[in-house]
Amino acid sequence: MLIAVILGFIFALLVPLFSKFLKNAIPFLYSALPLSLFIYFLQFLGEIKFRGHILFRFEWVPSMGIDLSFRLDGLSLLFALMITGIGFLVFAYTAYYLKGHQYLDRFYGYLSMFMASMLGVVLSDNLMSMFIFWELTSISSYFLIGFNNTDPASRKSALTALSITGFGGLVMLSGIILLQATGGSYSFTELLNSSEIIKNSTSYAWIITLFFVGAFTKSAQFPFHFWLPGAMKAPTPVSTYLHSATMVKAGIYLLARFTPLLGDTFWWNSTLITIGAVTMVYAAIHSVLRVDLKSILAYSTISALGILVFLIGIGTEKALLAAGIFILAHALYKAALFLITGIIDHETGSRDVSKLSGLKQVMMPVAVAGFIAALSSAGVPLLLGFISKEVMYEATSQFGDWAILLTVLAVLTKILLLVAGFWAGIKPFVGKLPLEFGEAKLPSPLLWIPPLLLGVLSLGFGTFPSLITESLIQPVFSSISGSDTIVQLKLWHGFNLVLMLSILTLLAGGILYWLWKPSNDLFQKTVQFEVVSPQNIIENGAKSFGSFAGLWTGFFQNGYLRNYVITILAFLTLLMAYRLFGEVDIYIDWDQISNVSHYEIIVVVLMIISIFFAISTNSRTTAIVALGVVGFANCLFFLIYSAPDLAMTQFSIDTLTVLLFMLVLVKLPKNKQYSSKGIKVRDALLSMMFGSLIAILTLEVFEEPSSSEVSKYFADNAYLLAKGRNVVNVILVDYRGFDTMIETVVLVIAAAGVFSLMKLDLNPSKKDL
Amino acid sequence: MEILLIIIIGLLHAGGLYMLLRRSMFKMIIGLILLGNGANLLIFLLGRLVKGNPPVIEDGMKVFSDIYADPVPQALVLTAIVIGFGLQSFAIILIKRVYKVLNTDDLDELNSTDEEI
């Protein structure tokens, strides 16, 4: 199983090798991959029917509870079969569709990478590895949408798709982590046992919200739907494979997968029904306003995804059954329609549905495939679409108080989708063949067999539902709903409400198709509403966020060092002041304060005056002298309070500094007044606040009883261990000898810097500087 | 007395910060030195003030018999003074160089990158 999942990655990695030695064989080689995987998964059908689900366990990061476990049950098997089956058709179709393309090998590499990631998503039992595969599908989708990398529009769409789905993925990741924190495991199978605990926990609302964002972005639900029409810039095989049959259904898969675990609560159901209903109606209306075949299909796909969300939201057994069938039915007919669109585009060079007609005369087999797909999408009896539609109406019409509203919405969507489907599958083929398409001809069977095959499956499953009822639909239904009810699919239910609704849909859809012609004018009229479309709003939001970030950075990172200092210190001061005045009791413990003698007063006054002079004077010499006095006053403090070493050091250093200052800086120009009065006042205020804060903090710390164990140890052992009587010196050269050595190194570096700066000549031509 | 020292520490910090925020490089260095002095005094004060009893063991004795000033803050401050001198001398020479090359004392004229020099 592990091999089956990662084989696609291996193939993707081998592309450079193959393209060097086996360039011509690549299409065959790569098409063989999904075909063999399809056969591999087919043989599980029997086992799943009896055992429900199979687990495959491979360790990966056991310490974090992340492993590569795979869970094969009805739902994941259905998806795996769709991924590999439709994958095979798409791989084969591409061989001809992109024949001779420069980067055909690369394209196959991306496709196999995507296929493997998608298989990983639907098969993973561990949610962490599912997330990783989930993101890999986004990344491979990015490459595939931007495959025509010379086209800026294509690159932009690829980026939009990646940002939307990538964003959703990250949101989902937080959901997964929260789920793990609540349920205690990353394994879906293990989580199933604690379903009730999770549903009753306080984080349940968060978990489902986060999962919803992940699912809605991936499955293009309103208001995140707009990346999907944009993604149609990709070559048609990609649109077929990723953007109708598989990747966009990953969100649906997620919702279906988590229904037994998180579903069946008020918020789960009502959110899904609302979002699904909005999406399906909104996108269905959009789909009949377009003229580009791929746009029509893109919007009808969004609408179909909306239907699926809606059905999962309804959550009754019938609705989940309808969802299960519809996933398959939709994949079959929508993939066929996309492939047919690709053929039409390939042969006529046009996708404008208002111009295309009469192609039946030149490409009959394609037309047949188109008819079947369109009829299946419309839900005509004997096709799989009919069964899914019947079950869906049954589900909506039995949904309590809201039955009427939900049924009306479903019928409305279905009518519009019927028109969209007919436009894509029937309209291009009937009527008169215009002269401009006269040269179109039937392409290679490699192109038209895949859609025809999909049509045959729609027809076969639709006519003989028993073919799939027990083997596939039953396990799918059981794994979505978690119930054991036996599924029965019938073509004939007798004359009842559901049949009436079906007939109504077909009649109304047919009439609408008859009356409403695709026209570019109509599409142009919708353009004016773009301003309020979610795409526009989100894009503008992203833009203004960008400019906000620019302003923000420009404000704080303005290039003036002192402004940084001001910002940091102002923030710090205000924050500390808030704490100090709010919660700290400031007092002076007079017991700890010593008396003041007259010589101390003199030093203090000296100090204050010289600080004042150093700050206020405009003369450089005065400032330097005042600074010197500050230093010497400091020196006197050290002397008075028993620190002769400090006094000596301070004295010599201060003398040196003053001398250096005098020697070097006297030649500088006169001090200028740079700042305005306002700035000075601001700085002075901040400085005073900062100074007071430091003073108060010092007082607070001073009042705290201090522990002097370290000092005591040093003092007691200075002579006994280090044979020195001056404890300060002993600390410096003995206990902390290494520090002192490094300090010496620092001084040497500073001296070297000073020396080289004095000797350095940046501008040799101006020696006189 | 400690209260007066605390006030001086506050003054040194306030004055140092104020000078640090000037556009003139010369004043900036003054600010740096004032801040350094303030910080040294702060650390020294936190070792408590003791008059006339330096942490030196008297001749003939092996341990202290009397009270003594806390040696650890003194050692710290000693290091700080010396390192501070390294910083100050380097900064002084540096602004001299800057002035020579750019002919200005104004920090705001140093906002451009190297290539314009």
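Remember, predicted model here, so these are calculated numbers, not experimental data.

Undergrad: Explain the overall build of chain B here, please?
TA: Per the secondary structure count, chain B includes three helices and zero strands. Ordering the α and β elements of chain B from the N terminus gives α-α-α. Computed over the C-alpha atoms, the radius of gyration of chain B is 20 Å, more than 25% above the 13 Å expected from 2.2 N^0.38 for a compact globule of 117 residues. Counting all 117 residues of chain B, 53% fall into the buried class. A separation threshold of at least 6 residues defines the contact pool for chain B, and within that pool the share at least 24 residues apart is 53%.

Undergrad: Just checking my understanding: could you explain the overall build of chain A for this structure?
TA: For chain A, the helix and strand inventory stands at 32 helices and four strands. For chain A, the spread of C-alpha atoms along the principal axes amounts to about 115 × 65 × 55 Å. Pairs at least 24 apart in sequence give 77% of the contacts found in chain A among residues at least 6 apart.

Undergrad: What is the right way to look at helix α15 (residues 293–314) of chain A in this model?
TA: An α-helical turn contains 3.6 residues, so a residue and the one three or four places further along point in the same direction. Given a rise of 1.5 Å per residue, 22 residues ought to cover 32 Å, and the 31 Å separating the end C-alpha atoms of α15 of chain A matches this to within 8%. When you tally the buried positions in α15 of chain A, you get 21 out of 22 residues, the bulk of the element.

Undergrad: Would you mind going over the nonpolar core with me for this structure?
TA: The tendency in soluble globular proteins is for nonpolar side chains to be buried as a group. Counting residues in each nonpolar core, the largest one holds 195 residues, and the members touching the most others are Leu308, Leu311 and Ala323 of chain A. Of the residues forming this core, the biggest block, 21 residues, is contributed by helix α16 (residues 317–348) of chain A. Residues lining this core come from more than one domain, with at least three contributed by each of domain 1 (1–211 + 226–263) and domain 2 (264–518) of chain A. For Leu311 of chain A, the contacting residues outside a window of four places in its chain are Ala319, Ala322, Ala323, Phe326, Met392 and Ala395 of chain A. Within the second largest apolar cluster, 72 residues are counted, among which are Met607 and Leu646 of chain A together with Leu42 and Val56 of chain B.

Undergrad: What is the right way to look at the domain arrangement of chain A in this model?
TA: You'll often see interface size given as the accessible area lost when the parts meet. Domains assigned within chain A are domain 1 (1–211 + 226–263), domain 2 (264–518), domain 3 (521–557), domain 4 (596–672) and domain 5 (720–769). On a C-alpha basis, the centroid separation for the pair domain 2 of chain A and domain 3 of chain A is 34 Å.

Undergrad: Looking at this structure, how should I read the environment of Phe529 of chain A?
TA: All names here are of chain A. With respect to the secondary-structure elements, Phe529 resides in the loop between α23 (520–527) and α24 (534–556). What makes Phe529 exposed here is the crowd of 9 C-beta atoms within 10 Å. Measuring from C-alpha to C-alpha, the distance between Phe529 and Phe371 comes to 33 Å, with 158 residues separating the pair along the chain.

Undergrad: Whenever I open this one, the interface of chain B and chain A confuses me. Can you help?
TA: With 74 residues of chain B at the contact, the number on the chain A side is 86 residues. Counting residues per element, the ones that place at least two in the side of chain B that touches chain A are α1 (2–20), α2 (25–46) and α3 (71–102) of chain B. For the side of chain B that touches chain A, the element with the most residues is α3 of chain B, which contributes 23 residues. Tallied by class, the residues present in the side of chain B that touches chain A amount to 49 nonpolar, 14 polar and eleven charged.

Undergrad: Honestly, the confidence of the model for chain B in this entry has me stumped. Any pointers?
TA: Caution applies to low-pLDDT regions: their predicted coordinates should not be interpreted in detail. All names here are of chain B. Per-chain confidence: chain B averages 85 in pLDDT, with 94% of residues scoring 70 or above. Confidence, read as mean pLDDT per element, is least for α3 in chain B (87) and greatest for α1 (91). Here the complex is predicted with pTM 0.70, and the ipTM for its interfaces comes to 0.91.

Undergrad: Would you take a moment to explain helix α10 (residues 204–218) of chain A for this structure?
TA: All names here are of chain A. Helix length check: α10, at 15 residues, gives a terminal C-alpha distance of 21 Å against a target of 21 Å (1.5 Å per residue), a fit within 8%. Of all 15 residues in α10, eleven are buried; the element is thus mostly enclosed. Among all positions in α10, only Ile207, Ile208, Leu210, Phe211, Phe212, Val213, Gly214, Ala215, Phe216, Thr217 and Lys218 are buried. Just past α10, the residue Ala220 takes up positive phi, approximately 50°.

Undergrad: It is not clear to me how the confidence of the model for chain A should be interpreted in this structure. Could you clarify?
TA: Of the residues in chain A, 97% have a pLDDT of 70 or more, and the chain-wide mean is 85. For chain A, the element scoring lowest by mean pLDDT is α23 of chain A, at 71; α10 of chain A scores highest, at 91.

Undergrad: Any chance you could explain unusual backbone geometry here in plain terms?
TA: As a rule of thumb, non-glycine residues mostly have phi less than zero, and peptide bonds are mostly trans rather than cis. Residues and elements named next belong to chain A. Cis rather than trans, the peptide bond between Phe222 and Pro223 has omega equal to 0°. Inspection of the secondary structure puts Pro223 in the loop between α10 and α11 (227–230). Within the chain, Leu382 stands out as a residue other than glycine whose phi angle is a positive 80°. Here Leu382 lies in the loop between α17 (364–378) and α18 (384–397). Look at Lys723: it is not a glycine, yet its phi comes out positive at around 55°. When you line up the elements, Lys723 lands in the loop between α30 (709–722) and α31 (727–735).

Undergrad: How should the packing of helix α14 (residues 266–287) of chain A against helix α19 (residues 403–425) of chain A be read in this particular structure?
TA: Describing two packed helices takes the angle between their axes plus the distance from one axis to the other. All names here are of chain A. Where α14 meets α19, the closest approach of the two axes is 9 Å, and the angle between their N-to-C directions is 30°. Comparing the axis directions of α14 and α19 gives the class roughly parallel. Relative to α19, α14 is oriented so that their crossing is left-handed. Only Leu409, Leu412, Thr413, Leu416, Leu417 and Ala420 of α19 make contact with α14, whose side of the interface consists of Ala277, Met280, Val281, Ala284, Ile285 and Ser287. Of the residues in the contact of α14 with α19, the class split is ten nonpolar, two polar and no charged.

Undergrad: Looking at this structure, how should I read the packing of α16 of chain A against helix α21 (residues 466–481) of chain A?
TA: Residue and element names in this part refer to chain A. Their axes nearest at 9 Å, the elements α16 and α21 cross at an angle of 125°. With respect to each other, α16 and α21 are oriented oblique. Taken as a pair, α16 and α21 cross one another with a handedness that is right-handed. Counted together, Glu317, Leu320, Leu321, Ala323, Gly324 and Ile325 of α16 and Ile473, Val476, Phe477, Ile480 and Ser481 of α21 form the full contact between these two elements. Considering only residue class, the contact of α16 with α21 consists of eight nonpolar, two polar and one charged.

Undergrad: Help me out: how do you make sense of the environment of Trp268 of chain A in this one?
TA: With respect to the helices and strands, Trp268 of chain A occurs in helix α14. Each C-alpha atom, one on Trp268 of chain A and one on Ile653 of chain A, is 74 Å from the other, the two residues being 385 residues apart in sequence.

Each value, and the rule that gives it
- Residues numbered from 1 in each chain as written.
- Chains lettered and ligands numbered in written order.
- Predicted model: local features only at pLDDT ≥ 70, side-chain atom pairs only at ≥ 80, totals over all residues.
- Helix = DSSP H or I, 4+ residues; strand = E, 2+ residues; numbered from the N terminus.
- Rg over C-alpha atoms; globule rule 2.2 N^0.38 Å.
- Buried ≥ 20, exposed ≤ 12 C-beta atoms within 10 Å, placed from the backbone.
- Contact = placed C-beta atoms within 7 Å.
- Expected span 1.5 Å × (residues − 1).
- Core = buried A, V, L, I, M, F, W, Y, C linked by C-beta atoms within 7 Å.
- Domains from an automatic or database assignment.
- Nonpolar A, V, L, I, M, F, W, Y, C, P; charged D, E, K, R; others polar.
- pLDDT = per-residue confidence, 0-100.
- Axes fitted to C-alpha atoms, helices over the stretch in contact; angles between N-to-C directions.
- Parallel < 35°, antiparallel > 145°, perpendicular 65-115°, else oblique.
- Left-handed = near helix turned anticlockwise from the far one by under 90°.

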